[in-house]
Amino acid sequence: MKKAYCPECGAKVEVEDDVIVGEIVSCPDCGLELEVTEVEGETVKVKVLQVSGEDWGE
Ligand SMILES: [Zn+2]
């Protein structure tokens, strides 16, 4: 697994090894949706995904 860090709460987020830029992952801690912006070795960079609407679910 690769890892990313949530820009909002700093939690470590595990990401699949075959992750691609543009993929969406969720922070296990605060639940924010994060968009992958860069994949570099073991580390993945993410930014907070701006969502419209409030259909969040679990
Ligand atoms: Zn978070």
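This is a predicted model, so every value here is computed, not measured.

Take the overall build of the protein next. Scanning the protein from terminus to terminus reveals 0 helices and 5 strands. Starting at the N terminus and ending at the C terminus, the protein contains elements arranged as β-β-β-β-β. Split into buried and exposed, the 58 residues of the protein put 17% on the buried side. Long-range pairs, those at least 24 residues apart, make up 24% of the contacts in the protein with a sequence separation of at least 6.

For the rest of this paragraph, the subject is the environment of Lys 2. Looking at where Lys 2 falls in the secondary structure, it is placed in strand β1 (residues 2-5). Under the C-beta neighbour-count criterion, Lys 2 is labelled partly exposed, with 17 such atoms within 10 Å. Between the alpha carbons of Lys 2 and Asp 18 there is a distance of 8.9 Å; along the sequence they are 16 residues apart. Not counting residues within four places of it along the chain, the set of residues in contact with Lys 2 comprises Val 15, Asp 17, Val 19, Glu 42, Thr 43 and Val 44.

Right, let's get into the environment of Gly 31. Here Gly 31 shows up in the loop between β3 (24-26) and β4 (33-40). By the C-beta count within 10 Å, which is 13 here, Gly 31 ends up partly exposed. Taking C-alpha positions, Gly 31 is 9.7 Å from Cys 6, a pair spaced 25 residues apart along the chain.

Attention now moves to the pairing of β1. In the sheet, β1 pairs with strand β2 (residues 12-15) via 4 bridges, with the strands oriented antiparallel. Bridge pairing in β2 links Ala 4 to Val 13. Taking the residues between adjacent antiparallel strands as the criterion, β1 and β2 are bridged by 6 residues, where Gly 10 takes a positive phi near 80°.

Grouped together as the largest cluster of nonpolar side chains are 10 residues: Ala 4, Cys 6, Val 13, Val 15, Val 25, Cys 27, Leu 34, Val 36, Val 44 and Val 46. Contributions of two or more residues to this core are made by β2, β4 and β5 (43-48). The residues contacting Cys 6, other than those within four sequence positions of it, are Ala 11, Val 13, Cys 27, Asp 29, Cys 30, Leu 32 and Leu 34.

Let's shift gears to the pairing of β4. Strand direction decides the pairing type here: β3 and β4, joined by 3 bridges, are antiparallel. Along β4, the bridge assignment pairs Ile 24 with Glu 35. Taken together, β3 and the strand that follows it, β4, pair antiparallel across an intervening segment of 6 residues, in which Gly 31 is found at a positive phi of about 80°. Here β4 runs beside β5; their pairing, made up of 6 bridges, is antiparallel. For Glu 35, the partnering residue across the bridge sits in β5 and is Lys 47.

Conventions we followed
- Residues numbered from 1 in each chain as written.
- Predicted model: local features only at pLDDT ≥ 70, side-chain atom pairs only at ≥ 80, totals over all residues.
- Helix = DSSP H or I, 4+ residues; strand = E, 2+ residues; numbered from the N terminus.
- Buried ≥ 20, exposed ≤ 12 C-beta atoms within 10 Å, placed from the backbone.
- Contact = placed C-beta atoms within 7 Å.
- Pairing = 2+ DSSP bridges.
- Core = buried A, V, L, I, M, F, W, Y, C linked by C-beta atoms within 7 Å.

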